[in-house]
Amino acid sequence: SQTIHQWPATLVQPVGSPLSLECTVEGTSNPNLYWYRQAAGRGLQLLFYSVGIGQISSEVPQNLSASRPQDRQFILSSKKLLLSDSGFYLCAWSVGGSSYEQYFGPGTRLTVT
Amino acid sequence: AQRVTQPEKLLSVFKGAPVELKCNYSYSGSPELFWYVQYSRQRLQLLLRHISRESIKGFTADLNKGETSFHLKKPFAQEEDSAMYYCALRANSGGSNYKLTFGKGTLLTVNP
């Protein structure tokens, strides 16, 4: 069966420090991959999505970037964190060629101090 | 660009009462609509999609293209229905069909 992992579960980082959040999917090939930020009052905001290795689409211009170095690995990064980057980050995957059902990971709670 | 609006951030009902979570959308084409749910300490998951026209956990949702709405309804709410509910839209055109646009969510609380 397919599973999706995210780590770390929680992270506290100072302003100006780098960030790397990792997401991996098991049990499927060539998935579509997504990064969301979930914030109270702002709902679920799509940040990046990828339909293949090295293919990244950015939805919101910001301080973050994403990469997909392997088929089932999706990384969210920042060179210098801002206070406004604090939030709950969710990774999701869907079957390649279709996106109607997305399967979400457990999320990472990021606090920038 | 597509947009999904959930006008109620919070909704509180008593057990056994009917519940309706509102969702309106804006999209010029023919969309697919979905409801996702997140129970406490659980992952966000798909609840239902309009194409399947099914009832899940007693919930139904009908796509009304004239009113551009996709409200989620249940005739008798249960305490275990308490959760965050997100309405989502998939645009069926070009590169947009890879992604979902979510509303801001409605937190439903069912009181005993």
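Residues numbered from 1 in each chain as written. Chains lettered and ligands numbered in written order. Predicted model: local features only at pLDDT ≥ 70, side-chain atom pairs only at ≥ 80, totals over all residues. Heavy atoms only, no water.

The subject of this paragraph is the interface of chain A and chain B. Taken together, the contact between chain A and chain B spans 22 residues of the former and 18 residues of the latter. Surface buried jointly by chain A and chain B totals about 1,800 Å² across both partners, of which 54% is contributed by carbon and sulfur atoms. For the interface between chain A and chain B, the tally reads 1 salt bridge. Counting the contacts that link chain A with chain B gives 6 residue pairs in polar contact (both at pLDDT 80 or more). Among the elements of the structure, strand S4 (32-39) and strand S5 (43-52) of chain A are those that each provide at least two residues to the side of chain A that touches chain B. The leading source of residues in the side of chain A that touches chain B is S5(A), at 5 residues. Each residue belonging to the side of chain A that touches chain B can be placed in one class, and the counts come to 10 nonpolar, 9 polar and 3 charged. (Contact = heavy atoms within 4.5 Å. Buried area = accessible area lost by both parts, 1.4 Å probe. Salt bridge = Lys/Arg side-chain N within 4 Å of Asp/Glu carboxyl O. Polar contact = N/O pair within 3.5 Å; in protein donor to acceptor, adjacent residues only side chain to side chain. Helix = DSSP H or I, 4+ residues; strand = E, 2+ residues; numbered from the N terminus. Nonpolar A, V, L, I, M, F, W, Y, C, P; charged D, E, K, R; others polar.)

Take the packing of aromatic side chains next. Considering all chains together, one arrives at 11 aromatic pairs over all chains under this definition. Judged by centre distance (4.7 Å) and plane angle (25°), the ring pair of A:Trp93 and A:Tyr103 falls under stacked. Taken together, the residues span a long stretch of sequence, with A:Trp93 in strand S9 (residues 87-94) and A:Tyr103 in strand S10 (residues 103-104) at a distance of 10 residues. Judged by its relative accessible area of 34%, A:Tyr103 falls in the partly exposed class. Measuring from centroid to centroid gives 5.4 Å for B:Tyr36 and B:Phe102, while their planes differ by 65°, and the two rings are edge-to-face. Residue B:Tyr36 is located in strand S5 (residues 32-38), and its partner B:Phe102 is located in strand S10 (residues 101-102); the two are separated by 66 residues in the primary sequence. On the accessibility criterion, B:Tyr36 (0% relative accessible area) is buried. Cluster of aromatic residues (ring-pair linked, three or more members): A:Tyr34, A:Tyr36, A:Tyr49, A:Phe104, B:Tyr36, B:Tyr86 and B:Phe102. (Phe/Tyr/Trp six-rings, centres within 6.5 Å; stacked < 30°, edge-to-face > 60°. Buried < 20%, exposed > 50% of the residue type's maximum accessible area, 1.4 Å probe, protein only.)

Moving on, we get to the state of the cysteines. Under the definition given, this model contains 2 disulfides over all chains. Covalently, A:Cys23 is tied to A:Cys91 through a disulfide, its sulfur atoms 2.0 Å apart. With the S-S dihedral at roughly -75°, the linkage between A:Cys23 and A:Cys91 falls on the left-handed side. One end of the pair, A:Cys23, is in strand S3 (residues 19-26); the other, A:Cys91, is in strand S9, and 68 residues separate them in sequence. By relative accessible area, A:Cys91 is classed as buried at 0%. With a sulfur-sulfur separation of 2.0 Å, B:Cys23 is cross-linked through a disulfide to B:Cys87. The chirality of the disulfide connecting B:Cys23 with B:Cys87 is left-handed, given an S-S dihedral of about -65°. Taken together, the residues span a long stretch of sequence, with B:Cys23 in the loop between strand S3 (19-21) and strand S4 (24-26) and B:Cys87 in strand S9 (residues 83-90) at a distance of 64 residues. Here the two residues B:Cys23 and B:Cys87 agree in accessibility, since each one is buried. (Disulfide = S-S within 2.5 Å.)

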